[in-house]
Amino acid sequence: MIGATGVPGPSSRTSLFDSLSQCGISIGVNKEDLRRRVMIPNRLCTAMREAMRLKEATVDMAEPSYVAEEEEPPENPLVVFVNCKSGGRHGPILKGRLQELIGESQVLDLSLVNPSDFVQYGLACLEVLAQSGDSCARITRKNLRIMVAGGDGTVGWLLGCLGELKVQNREPVPPISIIPLGTGNDLSRSFGWGSSFPFAWRHAIKRSLYKAVTGSICHLDSWKVTVAMPAGEEMNLPHNLMELGECTIDQEGDIEGEVPEKTFCFEGVFYNYISIGMDAQVAYGFHNLRDEKPYLAHGPIANKLIYAGYTCSQGWFFTPCISDPSLRGLTNILRISIKKINSNEWEQIPVPPSVRAIVALNLHNYGSGRHPWGNLKPEYLEKRGFVEAQVDDGLLEIFGLKQGWHASLVMVELISAKHIAQAAAIRFEIRGGQWKDAYMQTDGEPWKQPLSSEYSTFVEIKRVPFQSLIVNGDVN
């Protein structure tokens, strides 16, 4: 676009900048250009911060509308959430660098700001102002994107909070981009944001911010898990699960055990995987050790070393001759029923007798970038009745891991995992007997699930009706 003076205006500069990137030409990111793109007017940041503090949103929180008329709305408004506990010692330093680049008001520390408050009050403040005629607030809310600096758990936390906008009919839902600071970073890997943030991060951060505001948007299936267990047992739930109290168990299909008269239920949402068995037991032990001795886990490399050592100490390798039933296959306690795509009927599928961990996977990546489902040939897919796995196809890939040796070969991708099924919905029925507990996890957050010798515990997994939005980081 050429201005009245014949000088290229800001939009032509932006267009040239974007065009060069799209053509694969690597160029530096100018700090001032980046700030101009993402900077939200101070009066709006102040209003949002006040709304979160008071936990209410009113039009009186911003300056008068005549001030807003003189403002130019940001082209690509961006808010960054930082988990300073992730990434070893780099979290607080990264937070400072981000604040230097785009301003303190748009970089939020997750230890100080609850993302749920940001969604319920901060974004609501922009919506109230927009309804009052504030065009800058309206455009900022419409074009807003979110960046998350943290691990998969942190990203999932933000996705869950933003998902409430869809439930409350408060669209659009801002898409998320990622600065990977966790141990596994499988969500980050799956969408082109890398396995970890580079050591030369001071130079990479501007490029990441630019990709966050210009990258295309991808869709990701989200899955709700509901657990119904006999009432009376005490539970220590991870932060990504929420108590529901009493609920009704879907008794359609073939149920083998006794259904409890009174139930205690909890639910949560996952984006990568849910698993039951030995892998979850190892994760549970690792998390407890890290909580008890936090000085041992001061970064991703240290975490992986401790995790590997804990895997060897939990009996996943040398157990075939051990008589303790808790160290045998899941077939002793587990029944699996699934619904296939476009079907409303539950279908029972057998649990392989040698399997000691079962995983239902949504992404291609699992366990720090491994691909346990594998790249299956078309002939095999057709033979098994499978389709090529995608993150937005409404299906989960269910596979099994045998003893530790088998799991190790799967994780170094010498072999694929034990393929069990693809499913649009899953129900686990878990029976106790000699087992007192089972171990489960969703997206790396494990818990110990008490089992009853008299009644079954049910775990039901269904796709959330709407998809999450993630920015594609795999651009030049």
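- Per an unreviewed UniProt entry, the protein chain is named Diacylglycerol kinase, and its organism is Rhynchospora pubera.
- Here the protein chain is described in UniProt, under the heading Sequence similarities (unreviewed entry), as follows: "Belongs to the eukaryotic diacylglycerol kinase family."

### Things to note about the overall build of the protein chain
Moving on, step 1. Along the protein chain, the regular secondary structure elements total 14 helices and 19 strands.
Moving on, step 2. Taken across its 476 residues, the protein chain has 53% of its residues classed as buried.
Moving on, step 3. Surface exposure of the protein chain reaches about 22500 Å², of which carbon and sulfur atoms provide 51%.

### A few points about the nonpolar core
Soluble globular proteins tend to bury their nonpolar side chains together.
Moving on, step 1. Grouped together as the largest cluster of nonpolar side chains are 64 residues, with contacts concentrated most on F118, I146 and L209.
Moving on, step 2. Once residues lying within four places of it in the same chain are set aside, the contact partners of L209 are L34, L78, V80, L98, L101, I102 and M147.
Moving on, step 3. In this structure, W223, I276, V355 and I398 belong to the second largest nonpolar core, which totals 36 residues.

### Section: the environment of H219
Moving on, step 1. Structurally, H219 can be placed in strand β5 (residues 217-220).
Moving on, step 2. Note on H219: relative accessible area 37%, which makes it partly exposed.
Moving on, step 3. Note: C-alpha distance between H219 and P175 (44 residues apart in sequence) is 9.4 Å.
Moving on, step 4. Not counting residues within four places of it along the chain, the set of residues in contact with H219 comprises F191, V391, D392, Q467, S468 and L469.

### Quick notes on the sheet that holds strand β10 (residues 334-339)
Moving on, step 1. If you trace the 7 strands from one edge of the open sheet to the other, you get β7-β8-β6-β18-β15-β10-β11, paired in antiparallel fashion. In this open sheet, the two strands that pair with only one neighbour each are β7 (241-245) and β11 (347-349). Going from strand to strand, the sheet's axes swing by 20 degrees on average, the running direction of each strand aside.

### Brief notes about the pairing of strand β4 (residues 176-180)
Walk down a regular strand and you will see the side chains alternate between the two sheet faces.
Moving on, step 1. Most of β4 sits inside the fold, with 5 of its 5 residues counted as buried.
Moving on, step 2. Neither face of β4 is exposed, since I176, I178 and P180 on one face and S177 and I179 on the opposite face are all buried.
Moving on, step 3. Of the pairings in the sheet, the one linking strand β3 (residues 145-150) to β4 comprises 5 bridges and is parallel in character. When the bridges of β4 are listed, M147 appears paired with S177.
Moving on, step 4. In the classification by handedness, the crossover that spans β3, the intervening helix α8 (residues 152-167) and the parallel β4 is right-handed.

The rules behind these values
Residues numbered from 1 in each chain as written. Predicted model: local features only at pLDDT ≥ 70, side-chain atom pairs only at ≥ 80, totals over all residues. Heavy atoms only, no water. UniProt positions renumbered as here; feature names shortened; annotations may be inferred. Helix = DSSP H or I, 4+ residues; strand = E, 2+ residues; numbered from the N terminus. Buried < 20%, exposed > 50% of the residue type's maximum accessible area, 1.4 Å probe, protein only. Areas by Shrake-Rupley, 256 points an atom, 1.4 Å probe, with all protein chains shown as cover. Core = buried A, V, L, I, M, F, W, Y, C linked by side-chain atoms within 4.5 Å. Contact = heavy atoms within 4.5 Å. Pairing = 2+ DSSP bridges. Axes fitted to C-alpha atoms, helices over the stretch in contact; angles between N-to-C directions. Right-handed = clockwise from strand over helix to strand, strands pointing away.

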